[in-house]
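Given next are the chains, with one letter for each unit.
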Amino acid sequence: MTLDSQHWTSLKTHQQRLKNTTLRDLFSENPDRFGQFSCSLDDLTIDFSKEKVDAEALAALVEFAKFADIEASRQKMFSGQHVNFTEDRAVLHTALRGQPEDQFVADGTPLSEMISEVLERMCSFAEGVRSGDIKSATGVKFTDVINIGIGGSDLGPAMVTRALSPYRDGGPNLHFVSNVDGAHLSDTIANLDPKTTLVLIASKTFTTAETIANAKAARSWLRDAMDNKGANQHMAALSTNLEGTVEFGIPAERVFGFWDWVGGRYSVWSAIGLPIAIAIGAGNFKAFLAGARSMDQHFQSAPLEKNLPVLLALIGIWRRNILGYPTVALISYDQRLERFAAYVQQLDMESNGKQTDSNGNRVAIQTGPIIWGEPGTNAQHSFFQLVHQGTDVIPVDFILGAKSGSSLTDQHELLQANCLAQSQALAFGKTQDEVAAEMKADGQSDDEIKRLSPHRTFPGDRPSTTILHRQLDPFTLGRLIALYEHKIFVQGVIWGVNSFDQWGVELGKQLAKALVPVVRGEPSENLDSSTSGLINRINELG
Ligand code: F6P
């Protein structure tokens, strides 16, 4: 969509109209802002009343979504058309959480049976490992599981197993190794016994250099402790590349496959989810899938103006393209969601960090924002200073549960109060007059008030959206992830980019491959002076 299209112009007009209206004004003009600017699906509520929109601006955003034909694009994705047009592939991670009646088809092949065949094998393997029916080569229960994978083959399982740790219920300890830095694997195995450790090698392509290097090192660790046959019993692979896994020495019955219509960062629902099923059990893993499916159904059926992923996407477009904010802070008031921002960071930035549209032209507008964050309340004591008083406006997505995930319920009340207070402070701030009145009431001198009040003033008028749910359980987490997946999809459609490829990571891989021999001492004539200078210095210091 070009910048001069009448819909962008109309949104800009609303922004100009609201330019001198603050969030304070909007709230005092409309006492029912929450009622008007929030939307729920069962216990999941999105409150976007603290975003700088009014009813007319919101209506224009929804019109805009209609004009962008979100519904047609959505239909193309769910019906298996090749919406990943640069790789000529369908995009059907939604099928992995579907039921037979959803009738997903890719390239003429019905998917339900093959998906459920792998899912049931995964579930029975996971339950076998949990119960000890599937034993180590020495005939004992596996105490530990290491997942070796990177990007989408790591972040999803790592985030979800951490988030759902209360559901572990006697399952083995899970460890995640992603970085090719040998310290990651060696620190992880330092306190583990290879004779009771299962190693899962998770790689969609089974060619990712980091994962293969770590997998080979882990295989040697196992082989040093037992014979090759025994070591094989301690490995499993999660991949679309069945040949690669067999070549690596993984027995066929220990390979859990998936398909090229599942993008790496969308693969947590596939065999890549095996560590989750081992951690929390098959029933909970299925509840996680069911949560995502409930969001898929909502996304497909709710009218755009009541459609949570669509609304979240439109608020994001308003923030990014109309108000011009380049980043979004994702702050979960839930310690167990400590990896959620990192997970959504890959999901969003690898999907929509693009500058070329479907016609091969440079997009005329800003696309995917920078996503970052840490859990609250920790974030309040590190970077929130800048979020409140810095010169840049940083929109925030807050995530909060109504019920505590621990028995320390008093602390949960503190957590909730803090989350709500942050969005209040951002929206309404504190004027210099209010600061002065407060200082006066405190008995401070006029000189002190004059000197300090500018520093203690909060500009406010800073946007945030709060996503509230009942309690972090497998169903809720599945639904929350699917919410962000579909938000990203909608934004990709509006920006006209392919949200499902990732060519931007290829150049670095190619250059690294060429530099490995040079770092190992082979001469190279065509290096730029910075790279060769650094390699010389590495050799001097190393
Ligand atoms: O390099 C980027 C990427 O392809 C991600 O998209 C993917 O999640 C990750 O690498 C890991 O890839 P694989 O699962 O094939 O090892």
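About the criteria used
Counting restarts for each chain: residues are numbered from 1 in the order of the written sequence. pLDDT decides what is reported in this predicted model: residues at 70 or higher carry local features, side-chain atom pairs at 80 or more are listed and counted, and totals for whole chains, interfaces and linings draw on all residues regardless. Note that water and hydrogens are dropped before the side-chain values are worked out from all heavy atoms of the structure. Residues enter a nonpolar core if they are buried and are Ala, Val, Leu, Ile, Met, Phe, Trp, Tyr or Cys, with the set joined through side-chain atoms within 4.5 Å. A 1.4 Å probe rolled over the protein chains alone gives each residue an accessible area, and that area as a share of the maximum for its type sets the label: buried under 20%, exposed over 50%, partly exposed in between. Secondary structure is summarised from DSSP: a helix means a run of H or I of at least four residues, a strand means a run of E of at least two, and numbering begins at the N terminus for each. What marks off one domain from the next here is an automatic or database domain assignment. Note on contacts: a residue pair qualifies if any of its non-hydrogen atoms lie within 4.5 Å across the two residues. Accessible-area loss on putting two parts together, using a 1.4 Å probe and summing over both, is the definition of buried area adopted here. Note on pairing: DSSP must find at least two bridges between two strands before they are called paired.

Chemist: Please clarify how the nonpolar core should be interpreted in this entry.
Modeler: Most often, soluble globular proteins have nonpolar side chains that are buried together. Of all hydrophobic cores here, the largest spans 119 residues; its most connected members are Trp261, Ile278, Phe288, Phe340 and Leu477. With 11 residues, the single largest contributor to this core is helix H20 (residues 474–495). Residues lining this core come from more than one domain, with at least three contributed by each of domain 1 (6–67 + 302–428 + 462–500) and domain 2 (93–288). Those residues within four positions of Phe340 in sequence are excluded, and the remaining contacts are Met159, Leu330, Ser332, Ile399, Leu480, Ile481 and Tyr484.

Chemist: Help me understand the domain arrangement of the protein, please; the structure alone is not making it clear to me.
Modeler: It is common to give the size of an interface as the accessible area lost on bringing the parts into contact. Partitioning the protein into domains gives domain 1 (6–67 + 302–428 + 462–500), domain 2 (93–288) and domain 3 (507–541). The distance between the C-alpha centroids of domain 1 and domain 2 comes to 32 Å. On the side of domain 2, 22 residues touch domain 1, which itself brings 26 residues to the contact. Taking both sides of the interface into account, the surface hidden between domain 1 and domain 2 amounts to around 2,100 Å²; carbon and sulfur atoms contribute 63%. It is Arg336, Tyr343 and Pro474 in domain 1 that bury the most area against domain 2; as a group they hold 29% of the surface buried on that side.

Chemist: Explanation requested: helix H7 (residues 155–163) in the structure shown.
Modeler: In terms of burial, H7 is a largely internal element, 8 of the 9 residues being buried. Looking at H7, one finds that the buried residues are Leu155, Gly156, Pro157, Ala158, Met159, Val160, Thr161 and Ala163. Looking at the buried side of H7, the elements it contacts are strand S6 (173–177), helix H12 (274–280), helix H13 (282–301), helix H15 (340–352) and H20.

Chemist: Just to check I follow, could you spell out the pairing of strand S5 (residues 144–148) for this structure?
Modeler: Put simply, side chains in a regular strand alternate between the two faces of the sheet. With 5 of 5 residues buried, S5 lies mostly within the body of the structure. Across the two faces of S5 the burial is the same, with Asp144, Ile146 and Ile148 and Val145 and Asn147 all buried. Note that S5 and S6 share 5 bridges and pair parallel. From the neighbouring strand, Asn147 faces S6, where its bridge partner is Phe176.

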